[in-house]
Amino acid sequence: MRNMLLIARREYLEQVRGRAFKTTTIGLPAIFALIVGVGYLSNLGLGANRQVAVASNDPLLAGQIRQKLAGDKDAKARVIVAAPATPQDRALLLNKVKDGTLDGLLWVDTATGKLPTATYTSQSAGDFITAARVKSALNHAIIDERLIGGGMQQGSADALVNGTSVATYQVKMDGSVLKTNAEASFWKGYVMAILLSMTTMIYGMNVARSIIQEKTSRIFEVMLAIASPSDMLAGKLIGVGAVGLTQIAIWLVAAAAILVSPFAGAILTGELAVHITWTEAILFPVYFVLGYLLYSSLFAGLAATCETEQELQMYTPLAAAPTWLSFALIMLVINDSNSFWSVAASFFPPTAPVIMFLRMAAEIPPAWQFAVSIGLLTLSIWAVLWFSTRLYRIGILMYGKRATVPELLRWLRYS
Amino acid sequence: MPVVELAQVTKTYESKVAVDHLSLSIEAGQMFGLLGPNGTGKTSSIRMMMGITLPDTGSITLFGKPFERASLKRVGYLPEERGLYKKMKVIEQLIFFGELHGLHEAEARSRATDWARRLDIDDSLHKKTEELSKGMQQKIQFIGSLLHDPALIIMDEPFSGLDPVNAKLLEQTLLALKDQGKAIVFSTHRMDQVEKLCDSICLIDKGQAVLAGKVREIKSRYERNHVMVEFEGSEAFLQSAEVAEAKNFSGHAEIRLRPHGNAQKLLREASACATIYRFELVEPSLEEIFIQTVGGKVDA
């Protein structure tokens, strides 16, 4: 026991003090934030501050289009209206597009009794976002014009065109009804499932890599004179697992600090509001530890049978297959988190951590399902550990030779 | 009571017999040399003593009891293929090894510092292992195997890769440990070291002990048929009928006599043609015995 804890402490301190830990602890969230930030800012800027001309022989329709474009809070396009416009006006405006004075020209040709025809000309063929906004504004304006022409009030026509929003509510297990945001819940579950699978895989691989490195450096021979193989494996699993928990704790504390800041408060409200429940906060580390132990003990057994990191890498995709399976089941779980297959996947130990978090995003499953899921995971960890410890015990000692059954039996007796 | 004893130990890997019915016994206060050409079973034998591999047949006892892991707390081991944690600082690594052997951190630190001073590497204690030369790393491993003051020290090729100064330092350290009553087993190819350091040896060839016992007894089994001559004058006596083989190094000749060759007759012949400063009849060196034995040309 003492040696196991000493080995765990060494593993923990060496990894936490290492450059890789510091880099990934700071670097991964920074890169993630950068990607999200750049994407968000780019999205805000796309199609904005464009100067677009709307030319039509129908001044009323042209005015409606300008109003719709000006009302698009994301687009913020400056719109020039030329109406009623002649073919000469069109040619003049096209020249302005050519010389870059205008970003685009929407030419709308109306004829009584027919649907208007329209062309949008711009310098950039790839500016589909502005083109889409112009198209949307045009269609809304035409419907508006027709509705008003049919006698409807401007306000009623606008309301009809803008559509009706649907508020979503969820009936909780205690019978209470709460307003929810399905999209935000999905993304919350998705992000947590990715975080869970990513960290269990990363730290499972760290265990495997550490074993291969020690096997290659032959430090095992020094260590075996001091500690038993099971102490060495258990110490390694505990130490590397603690590193993972430390890193996740740092990320969660940092995320919490950001979420309560005024900046985040301004962004993460309304539709983007995310609420982490106590159940999720408690079960996340539980499923991390269980998932990590399952995968790392599997990787440890594999690593002990390999001679080089290259050899290990060949087996890694096979060992990681259940994680891929989990993500392949996303749509199934999202569509019906209580279907037979969703529940079965959240019980199946290799997919349980990820699937359970996806299910929780939609609806918190009943307590007995958590109990079954955690119970089966624990049982499977015990089984994989039993197998891996024996593989490890023999694998690290057998240089370039497969263990035979009599040798395995002797080692069992010896330990 | 022997500190370590192997009785009829056999170890086979696939179809290769690495160790074949090997028996040996090592007492406290004894320096024991395990000799043999490459791949003859020295490392396999050492690994079985450490419980790293198990014998197929035969038995191993440590400190008078059948092998058990608990006995390893009293054993210091330096394997042939040495490893250290490259990213760790030397002092942290030594403390870690000491703690694993049951020492408290302060005690491990104190002993590591003392040993580092003794082996002249105290300047490197706070460096990372990867920053040190191979020789320095070997000294650290040497210290790591001795921190817990083991009663039995097992070292596989402890002098390989060391320069003469550091090899001498390690020799002196091992002799001092032997004087403290430790049992020391080491394998080596360096016959001069075995001759200087070991009380007993076991020469292994193809997994079998082909020569074993106390160094003095083994050497006494061989005829004194080697002559060292320092002379000035004609070297015609080197062609004598008594001489089987002679090497002349400008006035210093090493001569091997024919079986039952007459050394006195050779001395008379040498005196007749040269001035003799030294004429010494010596026993064969361990290296010669080693080569003769392994080569199947044993004269004894």
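For the structure itself, consult the block above.
Predicted, not measured: the structure shown is a model, and the values here were computed from it. (Residues numbered from 1 in each chain as written. Chains lettered and ligands numbered in written order. Predicted model: local features only at pLDDT ≥ 70, side-chain atom pairs only at ≥ 80, totals over all residues. Heavy atoms only, no water.)

**Here we look at the pairing of strand β1 (residues 4-13) of chain B**
Residue and element names in this part refer to chain B.
- Two elements, β1 and strand β2 (residues 16-26), share seven bridges in a ladder whose sense is antiparallel. Bridge assignment links T12 to a residue of β2, and that residue is V17.
- Bridge count for β1 against strand β4 (residues 57-62) is five bridges, and the pairing is antiparallel. Each residue of the ladder has a partner; that of L6, found in β4, is I60. (Pairing = 2+ DSSP bridges. Helix = DSSP H or I, 4+ residues; strand = E, 2+ residues; numbered from the N terminus.)

**Description of helix α4 (residues 134-146) of chain B**
All names here are of chain B.
- Compared with the 18 Å implied by 1.5 Å per residue over 13 residues, the 19 Å span of α4 between its first and last C-alpha is a close match.
- For α4, a buried count of 11 out of 13 residues is recorded, marking the element as mostly surrounded by other parts of the structure.
- Of the residues making up α4, those classed as buried are G135, Q137, Q138, K139, I140, Q141, F142, I143, G144, S145 and L146. (Expected span 1.5 Å × (residues − 1). Buried < 20%, exposed > 50% of the residue type's maximum accessible area, 1.4 Å probe, protein only.)

**Here's the deal with the pattern of salt bridges**
All names here are of chain A.
- Per the stated rule, a full pass over the model turns up 24 salt bridges over all chains.
- When the shortest N-O distance is used, the salt bridge between E214 and R10 registers 3.7 Å. Of this pair, E214 sits in helix α7 (residues 182-217) while R10 sits in helix α1 (residues 2-17); the two residues are 204 residues apart in sequence, bridging distant segments of the chain. The pair E214 / R10 is uniform in exposure class, with both members buried.
- In this structure, a network of salt bridges that share partners links the residues R10, E11, E14, E214 and K236. (Salt bridge = Lys/Arg side-chain N within 4 Å of Asp/Glu carboxyl O.)

**Details of the environment of T113 of chain B**
Residue and element names in this part refer to chain B.
- One can find T113 in helix α3 (residues 105-118).
- Between the C-alpha atom of T113 and that of I95, which follows or precedes it by 18 residues, the distance is 9.8 Å.
- Those residues in contact with T113 that sit more than four places away from it in its chain are I91 and L125.
- Within the structure, the side chain of T113 is placed 2.6 Å from the backbone oxygen of R109, a separation counted as a polar contact. (Contact = heavy atoms within 4.5 Å. Polar contact = N/O pair within 3.5 Å; in protein donor to acceptor, adjacent residues only side chain to side chain.)

**Focus: the packing of aromatic side chains**
- Tallied over the full model, the rule gives 10 aromatic pairs over all chains.
- For the pair Y85 of chain B and F96 of chain B, a centre-to-centre distance of 6.1 Å together with 65° between the ring planes defines the contact as edge-to-face. Of this pair, Y85 of chain B sits in the loop between β6 (75-78) and α2 (90-100) while F96 of chain B sits in helix α2, placing them 11 residues apart in sequence.
- In this structure an aromatic cluster arises from ring pairing among F284, Y287 and F357 of chain A.
- Here the basic side chain of R10 of chain A rests over the ring of F96 of chain B, its NZ or CZ set 5.8 Å away from the ring centre.
- A cation over a ring is seen here: R74 of chain B above F63 of chain B, with NZ or CZ 3.9 Å from the ring centre. (Phe/Tyr/Trp six-rings, centres within 6.5 Å; stacked < 30°, edge-to-face > 60°. Lys NZ or Arg CZ within 6 Å of the ring centre and 35° of its normal.)

**A word on the packing of helix α5 (residues 128-149) of chain A against helix α6 (residues 154-162) of chain A**
Residue and element names in this part refer to chain A.
- In contact at an axis separation of 9 Å, α5 and α6 are set at 140° when each is read in the N-to-C sense. In terms of axis orientation, α5 runs oblique to α6. Judged by the sense of rotation from one axis to the other, the crossing of α5 with α6 is right-handed. Facing α5, whose interface residues are H140, I143, D144, L147 and I148, α6 presents Q154, A157, D158, L160 and V161.
- A breakdown of the residues in the contact of α5 with α6 according to their chemical character gives six nonpolar, two polar and two charged. (Axes fitted to C-alpha atoms, helices over the stretch in contact; angles between N-to-C directions. Parallel < 35°, antiparallel > 145°, perpendicular 65-115°, else oblique. Left-handed = near helix turned anticlockwise from the far one by under 90°. Nonpolar A, V, L, I, M, F, W, Y, C, P; charged D, E, K, R; others polar.)

**Thoughts on the layout of surface pockets**
- The computed volume of the second largest pocket comes to approximately 1400 Å³.
- Taken together, 47 residues line the second largest pocket, and the ones lying closest to its centre are R10, E14, Q15 and G18 of chain A together with K87 of chain B.
- Only α1, α2 (19-45), α7 and α9 (229-259) of chain A together with α2 and α3 of chain B provide two or more residues apiece to the lining of the second largest pocket.
- Tallying contributions element by element places α7 of chain A first for the lining of the second largest pocket, with 11 residues.
- Partitioning the lining of the second largest pocket into residue classes produces 16 nonpolar, 11 polar and 20 charged. (1 Å grid on protein atoms, 1.4 Å probe; cavity = no way out; pocket = protein on both sides within 12 Å on 5 of 7 lines; lining within 4 Å. Points joined across faces, edges and corners; volume = space filled by probe spheres on them.)

**Some words on the nonpolar core**
- M223 and M232 of chain A together with L24, F96, L152 and I154 of chain B are the most contacted members of the largest nonpolar core, which has 133 residues in total.
- Top contributing element to this core by residue count: helix α11 (residues 278-305) of chain A, with 12 residues.
- Residue contacts for L152 of chain B: discarding those within four places in its chain leaves V3, V4, L62, F63, R74, V75, G76, A183 and V185 of chain B.
- Core analysis: the next-biggest nonpolar cluster, separate from the first, contains 14 residues, V54, L69, V79 and A137 of chain A among them. (Core = buried A, V, L, I, M, F, W, Y, C linked by side-chain atoms within 4.5 Å.)

**Structural notes on a positive patch on the surface**
- Taken together, the side chains of R19 and K22 of chain A together with K89 and K128 of chain B present a region of like positive charge at the surface.
- Along the chain, K22 of chain A falls in helix α2. (Patch = residues over 30% accessible without salt bridge, like charges linked within 9 Å, V, L, I, M, F, W, Y side chains within 5 Å. Areas by Shrake-Rupley, 256 points an atom, 1.4 Å probe, with all protein chains shown as cover. Lys, Arg positive; Asp, Glu negative; His and termini not counted. Charge placed at Lys NZ, Arg CZ, Asp CG, Glu CD.)

**Focus on unusual backbone geometry**
Residues and elements named next belong to chain B.
- We note that Q8 has phi near 50°; this positive angle belongs to a residue other than glycine.
- Take Q8: it is sitting in strand β1.
- Relative accessible area serves as the criterion here: at 43%, Q8 is assigned to the partly exposed category.
- Of note, the phi angle at F63 is positive, near 55°, even though the residue is not glycine.
- Here F63 lies in the loop between β4 and β5 (65-66).
- Using a relative accessible area of 9% as the deciding quantity, one classes F63 as buried.

No statement about biological role is implied by the geometric values presented.
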